[in-house]
Amino acid sequence: MSGFNFSKASVIAKRIVSVLSTALLVITFLLVVLLVITRIQGKTPQLLGYQLLRISSSSMSPKLEVGDVIISKVVDVNTLKPGDVITYHGEYGSYEGKLITHEVIAEPYEADGKLYFKTMGIANGYIDPEFSEDQIVGKMLRISPFFSSVYSFFITPYGLMGVLGVLAVLLVTEIFSLRRIVTENSSDDNSENINSLN
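Read on for an overview of the structure. Keep in mind that what you see is a predicted model, and the values were worked out from it rather than measured.

If you trace the backbone, Glu96 turns up in the loop between β3 (85-89) and β4 (99-104). For Glu96, a relative accessible area of 54% translates into the label exposed. Those residues in contact with Glu96, other than ones at most four positions away along the chain, are Gly90 and Glu91.

Structure representation (structure tokens):
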């Protein structure tokens, strides 16, 4: 009756941990690359309907300040009401091609089978051009101080390159570590086969 081979179990455990950590790093790296590509294309990154959006103007001051990162969620437009802060794609005047985060100031109304909204930046003092439900990106859930700090660092060229660099180094390290473990395990198996033949 042969005893339990702790050495082989240790190698297997190391291999499993290495594979899982490598997979996690690959997924993280791909998510960061996807985020960067999405931002370059001018789109809004989403994960399960949630978005992180950074405030870039003072139109919602003092409720939202420049640099704040808000957590926004895709919602049923029928649930939106006055007082909600929403983000939408601007299509007219100075808003054209921009994401606008302003407060709903009136009950939406229906026309041509769609809901239309009136919003305003509380610091602006004037009402935005009306827009349809098709332009809505999401409803603000809350401000995130943590993501505000991370995002402020991440969006700088040095911050972005630093994060990508660290992830790349970790990924390469994990790949070499996994390769070494596989090679060691293969050598151990060959040794056992030679011993069994003897």
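Having seen the structure, we can now continue with the description.
Our next topic: the sheet that holds strand β8 (residues 131-132). Strand order in the open sheet made by the three strands is β5-β6-β8, with antiparallel pairing throughout. What marks the edges here is a single partner per strand, and that holds for β5 (109-111) and β8. Here strand β6 (residues 114-117) runs beside β8; their pairing, made up of two bridges, is antiparallel. Counted as the bridge partner of Phe117 is Phe131 from β8.

A word on the pattern of salt bridges. Here the structure, examined in full by the defined rule, presents five salt bridges. A salt bridge links Lys81 to Asp84, with the nearest nitrogen and oxygen atoms 3.4 Å apart. In this structure Lys81 comes out as partly exposed when scored by relative accessible area, which is 41%. Between Asp134 and Lys114 there is a salt bridge, with its nearest N and O atoms 2.5 Å apart. Here Asp134 is found in the loop between β8 and β9 (136-143), whereas its partner Lys114 is found in strand β6, with 20 residues between them in sequence.

Taken together, the side chains of Leu47, Leu48, Tyr50 and Leu141 define a hydrophobic patch exposed on the protein surface, amounting to about 460 Å² of accessible area. Within the secondary structure, Tyr50 sits in strand β1 (residues 50-54).

Definitions and cut-offs
- Residues numbered from 1 in each chain as written.
- Predicted model: local features only at pLDDT ≥ 70, side-chain atom pairs only at ≥ 80, totals over all residues.
- Heavy atoms only, no water.
- Helix = DSSP H or I, 4+ residues; strand = E, 2+ residues; numbered from the N terminus.
- Buried < 20%, exposed > 50% of the residue type's maximum accessible area, 1.4 Å probe, protein only.
- Contact = heavy atoms within 4.5 Å.
- Pairing = 2+ DSSP bridges.
- Salt bridge = Lys/Arg side-chain N within 4 Å of Asp/Glu carboxyl O.
- Patch = residues over 30% accessible without salt bridge, like charges linked within 9 Å, V, L, I, M, F, W, Y side chains within 5 Å.
- Areas by Shrake-Rupley, 256 points an atom, 1.4 Å probe, with all protein chains shown as cover.

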